[in-house]
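Okay, here's what each chain looks like letter by letter:
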Amino acid sequence: MRPLVALIVLLVSFSADASDSPSVEKAIEFARAQSLNAAGVDWQKLEEDAQRVVSLDGEDAAIRFVVRALGDNHSFYRAPARPLHDVLAPYEGFPRVRIHGWSGPLEAQRHSTQSLRSSMDGLGGSGSCGVILDLAANSGGNLWPMLIGAAPLLSDGLLGRFREANGRSMAIEKRDGAIFYDGARHFLNPASPSPASAPRYVALVVGPRTSSSGEILAILFRGQEGVRIFGEETSGQSTATATIALPNGGSLSVASSVTVDRNGTAFAARLSPDVRTSEPLREAASWLRSVCGGGP
């Protein structure tokens with residue numbers, strides 16, 4: 001009996017155009033040649049659909065789409081270590097930045113924070129009126145590189161708080177372009193401030209896979225003038241955790257505080273978007289056009 005071949009494809013880089021997506025093309029070629037279920041797949045349609053997924057959600061999503069189409073319950077895709085963010089092809093003329101769930105060691109935190117910050121600074125330099133910030137697949141990780149990297153899009157002042165069961169709360173603030181936590185300047189802040197200019201409007205995209213730190217990041221944007229949230233309800237895990245190392249070599253993380261937005265609303269459950277839609281990118285671009293006078 002022929003062994004079931006596991007589909008393992010390494011993603012090398014992201015491209016918004018499938019014709020420039022060698023990983024997707026190679027995945028389809030390999031699956032067509034090796035899959036037990038190849039005879040039952042409409043390969044022309046699969047390739048067309050995969051190209052569409054690449055343009056909307058990137059190579060990872062497209063390769064997983066190919067795997068699901070095989071229908072054998074064993075083929076799988078192991079994604080490479082990803083960067084904190086992708087700057088995707090503009091969507092209907094508006095820049096689109098996707099922030100992933102992400103964690104890493106200290107030096108990687110510094111590098112990833114600076115990389116995201118540079119991309120945010122570039123949006124201001126491009127003169128764009130609005131930006132789509134995509135958190136739909138952000139499953140969490142380390143909040144601080146995400147937040148500090150995206151800081152140029154946030155207004156000065158109180159962004160939110162973490163509130164513990166005993167009532168103690170730790171403020172998250174932006175002052176002079178830097179993020180402060182519980183009164184102290186966070187060490188990941190770049191030495192030099194960002195340029196003064198930034199897009200005036202932020203369309204935030206969330207969904208059921210937006211979780212943990214991804215949800216917290218969305219909550220810290222919530223209530224800011226010029227910000228609107230599109231998509232579906234998040235996963236409902238926006239509590240912050242405290243972690244301790246255990247004698248057996250493991251670790252235990254316990255939900256220890258709720259996230260409170262800048263207006264004092266506490267989130268112990270799901271975050272509901274301002275515009276509930278199954279087509280958040282289209283709705284986000286439509287809103288940005290309306291507030292930006294018809295163009296980016």
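One can find the structure itself at the top, above this paragraph.
Numbers given to residues run from 1 along each chain, matching the order in which its sequence is written. Per-residue local features of the predicted model are confined to residues with pLDDT of at least 70, and side-chain atom pairs are confined, for both listing and counting, to 80 or more; whole-chain, interface and lining totals are unaffected and use all residues. Side-chain metrics rest on all non-hydrogen atoms present in the structure, leaving aside hydrogens and water.

**Quick notes on the pattern of salt bridges**
A pair is scored as a salt bridge if a Lys or Arg side-chain nitrogen falls within 4 Å of a carboxyl oxygen belonging to Asp or Glu. Counted by the stated rule, this structure contains 14 salt bridges. Between Arg168 and Glu164 there is a salt bridge, with its nearest N and O atoms 3.9 Å apart. Buried residues are those whose accessible area, probed at 1.4 Å on protein chains only, stays under 20% of the maximum for their type, while exposed residues exceed 50% and partly exposed ones sit between those limits. Classification of Arg168 as partly exposed rests on a relative accessible area of 41%. If you follow the salt bridges from partner to partner, you end up with Lys45, Asp49 and Arg52 in one network.

**Here's the deal with a nonpolar patch on the surface**
A surface patch of nonpolar side chains, about 330 Å² in accessible area, is lined by Ile244, Leu246, Leu252 and Val254. Every helix listed is a DSSP run of H or I at least four residues long, and every strand listed is a run of E at least two residues long, numbered separately from the N terminus. Structurally, Val254 can be placed in strand β11 (residues 251–261). A patch is a set of surface residues, each over 30% in relative accessible area and not in a salt bridge, joined within 9 Å for like charges and within 5 Å for the nonpolar side chains Val, Leu, Ile, Met, Phe, Trp and Tyr. Shrake-Rupley sampling with a 1.4 Å probe provides the accessible areas, and residues are treated as covered by the protein chains on show and by no other component.

**A word on the pairing of strand β3 (residues 130–134)**
The side chains of a regular strand alternate, first on one face of the sheet and then on the other. Among the five residues in β3, five count as buried, and that is most of the element. DSSP calls a pair of strands paired once it identifies at least 2 bridges connecting them. Where strand β2 (residues 94–99) lies against β3, three bridges are found, and the strand directions are parallel. What sits directly across from Arg98, in β3, is Asp134. Sheet topology places β3 next to strand β8 (residues 201–206); five bridges connect them, and they run parallel. Residue pairing across strands places Val131 opposite Val202, the latter belonging to β8.

**Re the state of the cysteines**
Between two cysteines, a covalent bond joining their sulfur atoms is known as a disulfide. The term disulfide is used for any two cysteine sulfur atoms that are within 2.5 Å. Evaluated as defined, the whole model comprises one disulfide. The disulfide that involves Cys129 links it to Cys292, with 2.1 Å between the sulfurs. Residues Cys129 and Cys292 are joined by a disulfide whose S-S torsion is about -85°; by sign, that bridge is left-handed. Taken together, the positions of Cys129 in the loop between α4 (106–125) and β3 and Cys292 in the segment after α7 (280–291) put the pair 163 residues apart, joining distant regions of the chain. Using a relative accessible area of 17% as the deciding quantity, one classes Cys129 as buried.

**What to know about α7**
Compared with an ideal rise of 1.5 Å per residue, which puts twelve residues at 16 Å, α7 spans 16 Å between its outermost C-alpha atoms and is within 8% of the ideal. Taken residue by residue, α7 has Pro280, Leu281, Ala284, Ala285, Trp287 and Leu288 as its buried positions. Down the axis of α7, the buried set is contained in an arc of 160°. They therefore lie on one face. Contact definition: two residues touch when any of their heavy atoms are within 4.5 Å. Buried residues along α7 sit against α2 (43–57), β1 (85–91), β2, β3, β8 and β9 (227–231). Of the residues flanking the end of α7, it is Gly293, one or two places downstream, whose phi is positive at about 75°. Here the expected length of a helix is defined as 1.5 Å per residue gap, with one fewer gap than residues. It is the directions from the helix axis to the C-beta atoms that the arc portrays.

**Description of the sheet that holds β2**
Spatially, β1-β2-β3-β8-β9-β13 is the arrangement adopted by the six strands of the open sheet, whose pairing is mixed. Looking at which strands have only one partner, the edges of the open sheet turn out to be β1 and β13 (275–276). Here β1 pairs with β2 via five bridges, running antiparallel. Within the sheet, the bridge partner assigned to Leu88 lies in β2 and is Arg96. Each of β1, β2 and β3 is contacted by α4, which is oriented at about 165° to β2, the strand it contacts most. Here, axes are lines fitted to C-alpha atoms. For helices the fit covers the stretch in contact, and angles between N-to-C directions go from 0 to 180 degrees. Running over the sheet, α7 touches β1, β2, β3, β8 and β9 and is turned about 170° from β8.

**Comments concerning the environment of Gly124**
For Gly124, the location among the structural elements is in helix α4. Between the C-alpha atom of Gly124 and that of Leu281, which follows or precedes it by 157 residues, the distance is 21 Å. Sequence-distant contacts of Gly124, that is, excluding residues within four places in its chain, are made with Ser197, Ala198 and Pro199.

Keep in mind these numbers describe shape, not what the thing actually does.
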